[in-house]
Amino acid sequence: YNNSQTVRGYPDISANGANYVVAVDGELSLVYGTSASSPVVGSIITLINEQRIAANKTAVGFLNPVLYANPTALNDIVSGGNEGCGTAGFTAVAGWDPVTGLGTPDYEKLLAVFLALA
């Protein structure tokens, strides 16, 4: 799934991972990173599964083949990067990149793709 089209790169997709408000021991604070973005993606897939089950279909299962076959169901991030720790990091570009993968989920588009499957 990288430039060679023979092996997988990561991430596959991404989501905003900054400024999520959480409560810990009654105190509100902001969190950052995959601990914030992963639950968002999981929640989107849960909503899609809920709609599939309501349509008498099974849960989506392994997502990657469908995501890579339908990249327009994601918001392609084409600018920015992940500079830090004294490195230039990677730069977001059109299509898959090592900063945001295929992009961020577009719920309506992903729902349409997954509902169209058997």
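Reading guide: rules and limits
Think of each chain on its own: its residues are numbered from 1, step by step along the sequence as written. Where local features are concerned, this predicted model is filtered to residues with pLDDT of at least 70; where side-chain atom pairs are given and counted, the filter is 80 or more; whole-chain, interface and lining totals use all residues. Where side-chain values are given, they derive from all heavy atoms of the structure, hydrogens and water being excluded. In this scheme, strands are said to pair when DSSP sees at least two bridges between them. Counting from the N terminus, the helices are DSSP H or I runs at least four residues long and the strands are E runs at least two residues long. We call a set of buried Ala, Val, Leu, Ile, Met, Phe, Trp, Tyr and Cys residues a nonpolar core when their side-chain atoms join them within 4.5 Å. Think of it in three bands: with a 1.4 Å probe and only protein chains considered, a residue is buried below 20% of the maximum accessible area for its type, exposed above 50%, and partly exposed in between. Residue contacts are counted whenever heavy atoms from the two residues lie within 4.5 Å of one another.

Colleague: What's the story with the pairing of strand E2 (residues 27-31) in this structure? I'm lost.
Modeller: Here is the key point about a regular strand: its side chains alternate between the two faces of the sheet. Looking at chain direction, strand E1 (residues 20-24) and E2 are connected through 5 bridges and run antiparallel. Each bridged residue has a counterpart across the sheet, and for Val21 the counterpart in E2 is Leu30. Hairpin remark: E1 followed by E2, antiparallel, with 2 residues in the connecting loop; positive phi at Asp25, about 55 degrees.

Colleague: Please explain the nonpolar core as it appears in this structure.
Modeller: Within soluble globular proteins, side chains that are nonpolar generally end up buried alongside one another. Ranked by size, the top nonpolar core spans 17 residues in total, and within it Ile48, Leu67 and Phe114 carry the most contacts. Among the elements of the structure, helix H1 (34-54), helix H2 (64-69) and helix H3 (107-116) are those that each provide at least two residues to this core. If sequence neighbours within four positions are ignored, Leu67 has contacts with Ile13, Leu74, Leu102 and Leu110.

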